[in-house]
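Residue-level structure breakdown
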Amino acid sequence: MRDERSIKSSARLASECRDTLLDVLASQGVEAGQYTVLSPDPWRVIFSASGEGFINFLEHAHAVVSWRSPVASESESDELVGALYDYARQRRKALFLVEVNERARDAGGRRTMTPLWTGAECFLDLSKWSIAGGRRQKVRWARSHAQRLGVTWREATPLTSRDDDVALARVEAAWKNERPQRRTDSFLRTSYLEIADQRRYFVGEQAGEVLASVTCSPINAKGWYLQDIVRVPHAPRGALEGAMAFALDVLRDEGYAVASNGPLPFWRPHESWDDEYQFGPLGNRLMKLFDRQFRFGGINQFRSKFEPDWTEPLYVLRSQRFITPWVARSLTQLLNHPPRPVRSSWSSRSR
């Protein structure tokens, strides 16, 4: 086990080791959202002893929050969960592992962390991707409807095209203005130009107006995540579904292996699916409260039109059985207003 001094000194700002993180992500990334560590928020990372894996986290006065599973091999995943657990314990802070896979869940369980099932991540095998047949007929019908109205789709390049930059900014702003909950300072915010050097953009347009856009972020060197999907309120049905299908068509034709449709909160792949770490009665009431506020049900209904080829269950783990008001305050701060953003040349751009 690493000693206290070693663990504290090994927690580095992600912004200081970006190139190394990119190399590890390209080879070891397995989940949607792991590239979030490159965003301007003050992420810190602990590397494995070999330097070939890492775990990332945000820290506040009473809590440490890690987002997604360690980016590492199976053998090093347990090492990294243990290192972060020791880091939080030595600093007398509660640790939360958010939206992690079964491997990280088991690693946390070996440290007496309490797991809770929170949904599933949906993956598509791009070698088999198609909207033909009955599996994804809702997507095909929606896209055909938009095509009849004159909607077309293409890849956009906001870093080199001023027109694309302005159009994507306008669509994102219109989407956020439609519902106040979409305007958030969370590290899960929609901000199309963050880590723009790593992303790709696909749009649907009608009569020269961009109506919908899909921002894709890498999973690794062989896969992509359909991360931010937005549209203007007056976009016809099928404009956004068509943009997502077009993105998947392009990625398939370029030889990529896998795509993720992202984590779907509280979504079960089928009615008979169950998990031993389900919510109790209180948890179910809280789930309904969150669903009314953030409309998870609507998001899941839309994204699940792209029927996955396989799914992975997701969990939140906590190191303390009881959450004190101070820990709750730190957790709320980290999940909604990450402190002291780190300046990044790719985080934003004047328009």
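Residue numbering note: each chain is counted from 1, following its sequence as written. Owing to the predicted nature of the model, reporting of local features is limited to residues with pLDDT of at least 70; listing and counting of side-chain atom pairs is limited to 80 or more, with chain, interface and lining totals taken over all residues. Excluded from the side-chain calculations are hydrogens and water; all other atoms, namely the structure's heavy atoms, are used.

**Observations regarding the overall build of the protein chain**
Labels follow the DSSP assignment, with helices taken as runs of H or I lasting at least four residues and strands as runs of E lasting at least two, numbered in each case from the N terminus. Secondary structure summary: the protein chain contains ten helices and twelve strands in total. Within the protein chain, buried positions represent 53% of all 351 residues. Long-range pairs, those at least 24 residues apart, make up 76% of the contacts in the protein chain with a sequence separation of at least 6. As presented, the protein chain carries roughly 16500 Å² of accessible surface, and 50% of it is formed by carbon and sulfur atoms. Burial status follows relative accessibility: with a 1.4 Å probe on protein chains alone, a residue under 20% of its type maximum counts as buried, one over 50% as exposed, and anything between as partly exposed. It only takes one pair of heavy atoms within 4.5 Å for two residues to be counted as in contact. Areas reported here follow the Shrake-Rupley algorithm with a probe of radius 1.4 Å; residue values treat only the protein chains shown as occluding.

**Focus: helix α6 (residues 162-178)**
Residues spaced three or four apart along an α-helix face the same direction, because each turn holds 3.6 residues. One less than the residue count of a helix, multiplied by 1.5 Å, gives the span that helix is expected to have. Taking 1.5 Å of rise per residue, 17 residues should cover 24 Å, and α6 covers 25 Å from first to last C-alpha, within 8% of that figure. Inspection of α6 places Asp164, Asp165, Ala167, Leu168, Ala169, Val171, Glu172, Trp175 and Lys176 among the buried residues, and these make up the whole buried set. Contact partners of the buried residues in α6: β7 (152-156), β8 (200-206), β9 (209-220) and β10 (223-231).

**Thoughts on empty space enclosed by the protein**
For each structure, a 1 Å grid was placed over the protein atoms alone; sets of points admitting a 1.4 Å probe that cannot get out are labelled cavities, open sets with protein on both sides within 12 Å along at least five of seven lines are labelled pockets, and lining residues have an atom within 4 Å of a point. Grid points are joined across faces, edges and corners, and a volume is the space filled by probe spheres set on the points. Applying the stated criterion across every chain, the model contains one cavity of 30 Å³ or more. Estimated volume of the largest cavity: approximately 30 Å³. As for the largest cavity, its lining consists of Leu168, Glu172, Thr190, Tyr192, Ser213, Thr215, Asp228 and Val230. Within the lining of the largest cavity, the residues separate by chemical class into three nonpolar, three polar and two charged. Each residue is assigned to one of three groups, with Ala, Val, Leu, Ile, Met, Phe, Trp, Tyr, Cys and Pro labelled nonpolar, Asp, Glu, Lys and Arg labelled charged, and all others, Gly among them, labelled polar.

**A short note on unusual backbone geometry**
In the Ramachandran plot, arginine 68 falls in the positive-phi region, its phi being about 70 degrees despite a non-glycine side chain. Mapping arginine 68 onto the fold places it in the loop between β4 (63-67) and α3 (74-90). Phi is positive for arginine 92, close to 55 degrees, though the residue is something other than glycine. Structurally, arginine 92 can be placed in the loop between α3 and β5 (94-100). A residue is classified by how much of its surface remains accessible, and arginine 92, at 75% relative accessible area, is exposed.

**Here's the deal with the pairing of β10**
With eight of its nine residues buried, β10 lies for the most part within the structure. When DSSP finds at least two bridges between two strands, those strands are taken to pair. Bridge count for β10 against strand β11 (residues 258-265) is three bridges, and the pairing is parallel. Counted as the bridge partner of tryptophan 224 is alanine 259 from β11. In this fold, β10 hands off to helix α7 (residues 239-253), which returns the chain to β11; that crossover is right-handed. The handedness of a crossover follows from its direction of travel: if, with the strands pointing away from the viewer, the path from the first strand over the helix to the second runs clockwise, the crossover is right-handed.

**Here's the deal with helix α5 (residues 137-148)**
Helix length check: α5 (twelve residues) gives 16 Å between terminal C-alpha atoms against 16 Å at 1.5 Å per residue, within 8%. Of the residues making up α5, those classed as buried are Val139, Ala142 and Ala146. Taken down its axis, α5 places every buried residue within 70 degrees of arc, on the same side. Contacts from the buried residues of α5 go to β7 and α7. Of the residues trailing α5, glycine 150 is marked for its positive phi of about 90 degrees. Throughout, the arc means the angular range of directions from the helix axis out to the C-beta atoms.

**Focus on the side chain of serine 191**
In this fold, serine 191 is placed in the loop between α6 and β8. Judged by its relative accessible area of 19%, serine 191 is buried. Filtering out sequence-adjacent residues up to four positions away, serine 191 remains in contact with Glu172, Arg199 and Asp228.

**Overview of the pattern of salt bridges**
Basic side-chain nitrogens of Lys or Arg form a salt bridge, by our definition, when they fall within 4 Å of a carboxyl oxygen of Asp or Glu. Summed over all chains, the structure comprises 25 salt bridges. Of the charged contacts in the structure, one is a salt bridge between arginine 105 and aspartate 106, with a shortest N-O distance of 2.9 Å. On the basis of relative accessible area, aspartate 106 is assigned to the partly exposed category, the value being 35%. In this structure, the salt-bridge partner of arginine 189 is glutamate 194, at a minimum N-O distance of 2.8 Å.

**Looking at the packing of α3 against helix α4 (residues 102-109)**
Geometry is summarised by axes, namely lines fitted to C-alpha atoms with helices restricted to the contacting stretch, and by angles between N-to-C directions that run from 0 to 180 degrees. Running from amino to carboxyl end, α3 crosses α4 at an angle of 45 degrees, the nearest separation of the two axes being 9 Å. On the basis of their axis angle, the class for α3 and α4 is oblique. In terms of crossing hand, the pair formed by α3 and α4 is right-handed. Across the interface between the two elements, Glu74, Ser77, Asp78 and Val81 of α3 pack against Arg103, Ala104, Ala107 and Gly108 of α4. Note that the term roughly parallel is reserved for angles under 35 degrees, roughly antiparallel for angles over 145, roughly perpendicular for angles of 65 to 115, and oblique for everything else. When the near helix sits turned anticlockwise from the far one by under a right angle, the crossing is termed left-handed; a clockwise turn instead gives a right-handed crossing.

**Details of the sheet that holds β10**
Strand order in the open sheet made by the twelve strands is β1-β2-β3-β4-β5-β12-β6-β11-β10-β9-β8-β7, with mixed pairing throughout. Looking at strand neighbours, the two that pair on one side only are β1 (12-13) and β7, the edges of this open sheet. When β8 meets β9, the two strands line up antiparallel, connected through seven bridges. Paired with glutamate 205 across the strands is valine 210, a residue of β9.

**Observations regarding the environment of glycine 82**
Mapped onto the fold, glycine 82 is located in helix α3. Glycine 82 sits in the buried class, given a relative accessible area of 7%. Taking the C-alpha atoms as reference points, glycine 82 and alanine 104, separated by 22 residues in sequence, lie 10.0 Å from one another.

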